[in-house]
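Architecture and fold: a report
Each chain, written out:
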Amino acid sequence: MQYRRIGQSGLKVSVIGLGTWLNFGGRLEQATETDLIDFACELGINFFDTADVYKGGAAEISLGKSLAPYKRSDLVIASKVYFPTGEGPNDRGLSRKHIFESIAETLDRLGTPYLDLYQAHRYDEETSLEEVVRAFGDLVRMGKIHYWGVSMWSAKEIRDACRLCKEFNLPLPISNQPVYNLLDRRIEREVVPVCRNFGLGILPYSPLAQGALTGKYLGDEMPDDSRGADDDLNKFMGVYLEDLAAERIARMKELSEVAEIEMAHLALGWCLQNDLVASVIVGVTKAEQLEQNSMTADTEVPDGTYEHLAEIFQE
């Protein structure tokens, strides 16, 4: 396993991270989740990503149980705050109140005294940005989190936050967690340059476009055990299942066959060729998927292959 620093911080994460968004806290049995965590650690994966709203907190609980036997300092655990966690008017957003109350509940569910990375899951239009950055800065000072980051923020939002942090001498965010894959390259226009300017690393989620970039949906029928066949999960897939996407993925499959490289390796490797990308966050249900994904960094890709991919998937 290879490791990279997140942005300009000293925090090193495995280039493959394990996410808990759709699979942990209910879709899989606890024993299966624990087996996946054990195998991930065996492969050298040290980065585990979750959020307070994944399965209503159940994902954090199950992740905490699975990670409990491991030495805490060997792990990089990330979670997020923003989306509603209750019915009250203050059970959402990025107010100081909600951030502080949510971190307390997250730490309790995970069974850990601190988070390595705490991320603002979305931008809060109703709370002043100064209140937000001061709250995260105070959590760093208190030792409840080591670093903070953002997820799905615009270039302007990231820029404004970093400028405020510099103005008030507060810890800058070290990371941005956007959706980023060959089928969704929107961040390249404005977000990537801002992240580079302020030293944020990028932690893409859905780097395989929820499995679409593995080629599993190119047939006439959806695989029975896939996300595409699950009405509770495929609602997040959107453009990944459209005809244009299928055409591009079919061309990618031809390229992978010529290069004799798995499509998943090409998709993940394409993300990792961006020097700002510290880790790609994958979601798996089987050990075989995790093992395949973990081999990406060691896969030799012929010169020009990634450039060819970029042409196929140009916006």
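Scroll up to find the structure this text is about.
These remarks concern the structure in this document. (Residues numbered from 1 in each chain as written. Predicted model: local features only at pLDDT ≥ 70, side-chain atom pairs only at ≥ 80, totals over all residues. Heavy atoms only, no water.)

1. A short note on the pairing of strand S3 (residues 16-19)
Burial along S3 is two-sided: Ile16 and Leu18 and Gly17 and Gly19, pointing in opposite directions, are all buried. Judged from the three bridges that link them, S3 and strand S10 (residues 280-282) form a sheet pairing that is parallel. Residue pairing across strands places Ile16 opposite Val280, the latter belonging to S10. Inspection of the sheet shows S3 paired to strand S4 (residues 47-49) by two bridges, in the parallel sense. Counted as the bridge partner of Leu18 is Phe48 from S4. (Buried < 20%, exposed > 50% of the residue type's maximum accessible area, 1.4 Å probe, protein only. Helix = DSSP H or I, 4+ residues; strand = E, 2+ residues; numbered from the N terminus. Pairing = 2+ DSSP bridges.)

2. Let's talk about the packing of helix H2 (residues 58-67) against helix H3 (residues 96-110)
Look at H2 against H3: their axes get within 7 Å of each other, and the N-to-C directions meet at 40 degrees. One way to sum up the angle between H2 and H3 is to call them oblique. Residues Glu60, Ile61, Leu63 and Gly64 of H2 pack against Thr106, Arg109 and Leu110 of H3. Residue classes in the contact of H2 with H3 are distributed as three nonpolar, two polar and two charged. (Axes fitted to C-alpha atoms, helices over the stretch in contact; angles between N-to-C directions. Parallel < 35°, antiparallel > 145°, perpendicular 65-115°, else oblique. Contact = heavy atoms within 4.5 Å. Nonpolar A, V, L, I, M, F, W, Y, C, P; charged D, E, K, R; others polar.)

3. Focus: the packing of aromatic side chains
Enumeration over the complete set of coordinates arrives at six aromatic pairs. Centre to centre, the rings of Tyr82 and Phe83 are 5.0 Å apart; their planes meet at 80 degrees, and the pair counts as edge-to-face. Here the aromatic residues Tyr118, Phe136 and Trp148 are joined through ring pairs into a cluster of three or more. Sitting above the plane of the Tyr114 ring, Arg72 keeps its charged end 4.1 Å from the centroid. It is Arg134 that lies over the ring of Phe168; its NZ or CZ is 4.4 Å from the centre. (Phe/Tyr/Trp six-rings, centres within 6.5 Å; stacked < 30°, edge-to-face > 60°. Lys NZ or Arg CZ within 6 Å of the ring centre and 35° of its normal.)

4. Considerations on the packing of helix H1 (residues 30-43) against helix H9 (residues 287-294)
At a minimum axis separation of 10 Å, H1 and H9 run at an interaxial angle of 20 degrees. Judged by the angle between their axes, H1 and H9 are roughly parallel. Here the hand of the crossing between H1 and H9 comes out right-handed. Together, Leu36, Phe39, Ala40 and Leu43 of H1 and Ala287, Leu290, Glu291 and Ser294 of H9 make up the contact between the two elements. Of the residues that constitute the contact of H1 with H9, the class distribution is six nonpolar, one polar and one charged. (Left-handed = near helix turned anticlockwise from the far one by under 90°.)

These results come straight from atomic positions and should not be treated as a statement about function.
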